[in-house]
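Observations on the model geometry
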Amino acid sequence: MSELAPQPFRTAVVPAAGLGTRFLPTTKTVPKELLPVVDTPGIEIVAAEAADAGAERLLIVTSPGKDAVAAHFADSSELEKELAARGKEKLVAKVRRAHELIEVRTVTQPEPLGLGHAVGCAREAIGPDEQAFAVLLPDDLVLPSGVLKKMAQVRARYGGSVLCAFDIPREQISAYGVFDVTDTDEPDVKRVHGMVEKPPADEAPSTYAAAGRYLLDVAIFDALDRITPGAGGELQLTDAVALLIEEGHPVHVVVHRGGRHDLGNPGGYVRAFVDFALQHPDYGPDLRTWLTERLKQG
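Thresholds, definitions, all that
- Counting restarts for each chain: residues are numbered from 1 in the order of the written sequence.
- Selection of residues for local features in this predicted model requires a pLDDT of at least 70, selection of side-chain atom pairs for listing and counting requires 80 or more, and totals for whole chains, interfaces and linings are taken over all residues.
- Only hydrogens and water are removed before side-chain values are computed, so all heavy atoms of the structure are retained for them.
- UniProt positions are given in the numbering used here, feature names are shortened, and annotations may be inferred rather than shown by experiment.
- For the purposes of this entry, the term helix denotes a DSSP run of H or I that reaches at least four residues, the term strand denotes a run of E that reaches at least two, and both are numbered from the N terminus.
- Think of it in three bands: residues with accessible area under 20% of the maximum for their type are buried, residues over 50% are exposed, and the middle band is partly exposed, with areas taken using a 1.4 Å probe on protein chains only.
- The arc in question is the one traced by the directions running from the helix axis out to the C-beta atoms.
- Any two residues whose heavy atoms approach within 4.5 Å at even a single point are treated as in contact.
- Working rule for helices: expected span equals 1.5 Å times residues minus one.
- Under this definition, polar contacts are N or O atom pairs within 3.5 Å; protein pairs additionally need one hydrogen-donor-capable and one acceptor-capable atom, and for neighbouring residues in sequence, both atoms have to be side-chain atoms.
- Here, nonpolar core means buried Ala, Val, Leu, Ile, Met, Phe, Trp, Tyr and Cys residues that are tied together by side-chain atoms lying within 4.5 Å of each other.

Per an unreviewed UniProt entry, the chain is named UTP--glucose-1-phosphate uridylyltransferase, and its organism is Pseudonocardia thermophila. The annotation that UniProt attaches to the chain under Catalytic activity (unreviewed entry) is "alpha-D-glucose 1-phosphate + UTP + H(+) = UDP-alpha-D-glucose + diphosphate". Heading Sequence similarities (unreviewed entry) of the UniProt record for the chain holds this comment: "Belongs to the UDPGP type 2 family."

If you want it as structure tokens, here you go:
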């Protein structure tokens, strides 16, 4: 992509309206998006990824009673002054980081009616001059970060919408939404012709599974208006993408050759916490020693 190419997106939408039922009773009072991965909330890690990819604004889709998610990004100058007065400059930098990362706005999803509905709630907040926007699911940590930059390059070349995919072993593929794809002249960029939700392994059209990163053309809003709700009355984002594909809208996936963590369930959250802690310069060495000894005990 040329150095002079226009920024493919300015807004990153983060759906964060869920109740976090798998983390109850903690999420009675603490939104799951604020649960710390070592010492940083998951949503701040996702915000940093969006900012690093060039996003200027984070649009958090929240629900009534979850004001704390956006409050994490609010100005904290009084706390910073108190920490500075105590000589805790490193803590000042950590506290300030979220506020300085990116501009944050919120929109409200009044009812939990699916990911497609959550994305649709962002419609009025997307600028009239914006032709595309990113969607990052805060439960998914895609590692290393940087896939959104590649997705932006793919949109600049092919237009349309671009999604992120992982290459999953076929014996595990039935747990995922799976893309029907053909190759392009780039090994890890595929043209999407359809998507199948949780197919039997022997019937899966590929081994490329959907991950929680999207770069969507604003045409998605019109498609969301024209799909019908599925189970539980929810609007599925994948149904809207499928409609665009049927109508000839170009959709591609970038196959990400890295790792991921699912913060949406306690088991995945624990793995993410341990993984990040092992990489932390202050905690990693001692934790590695302790884990090694602990695992010997069975």
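After that view, the rundown keeps rolling.
**Things to note about the UniProt feature "domain: Nucleotidyl transferase" (unreviewed entry) in the chain**
UniProt records the feature "domain: Nucleotidyl transferase" (unreviewed entry) for residues 12-275 in the present numbering. In residues 12-275, helix accounts for 32% and strand for 27%; the two terminal C-alpha atoms are 26 Å from one another.

**Here's the deal with helix α7 (residues 219-226)**
Those residues of α7 that sit buried are Ile 220, Phe 221, Ala 223 and Leu 224. Summarising the axial view, the buried residues of α7 lie within an arc of 160°, below the 170-degree limit, and thus occupy one face. Buried residues along α7 sit in contact with α5 (115-120), β6 (132-136), β11 (208-217) and α8 (237-246).

**Structural notes on helix α9 (residues 266-279)**
Between the first and last C-alpha of α9 there are 20 Å, a value that for 14 residues agrees with the 20 Å anticipated at 1.5 Å per step. Residues of α9 that are buried: Gly 268, Tyr 269, Ala 272 and Ala 277. The buried residues of α9 occupy one face: seen down the axis, they fall within an arc of 165°. The inward-facing, buried residues of α9 contact β2 (36-37), β13 (259-262) and α10 (284-296). At the N-terminal boundary of α9, the capping side chain belongs to Asn 265, with an oxygen 3.1 Å from the backbone nitrogen of Gly 267.

**Observations concerning the nonpolar core**
Core analysis: the biggest nonpolar cluster contains 46 residues, and Leu 58, Leu 136, Met 151 and Leu 215 have the highest contact counts within it. Apart from the residues within four sequence positions on either side, Leu 58 is in contact with Ala 12, Val 14, Ala 47, Ala 50, Phe 73, Ile 102, Glu 103, Val 104 and Arg 105. Counting residues in hydrophobic clusters, the runner-up holds 36 residues, among them Val 181, Tyr 214, Ile 220 and Ala 240.

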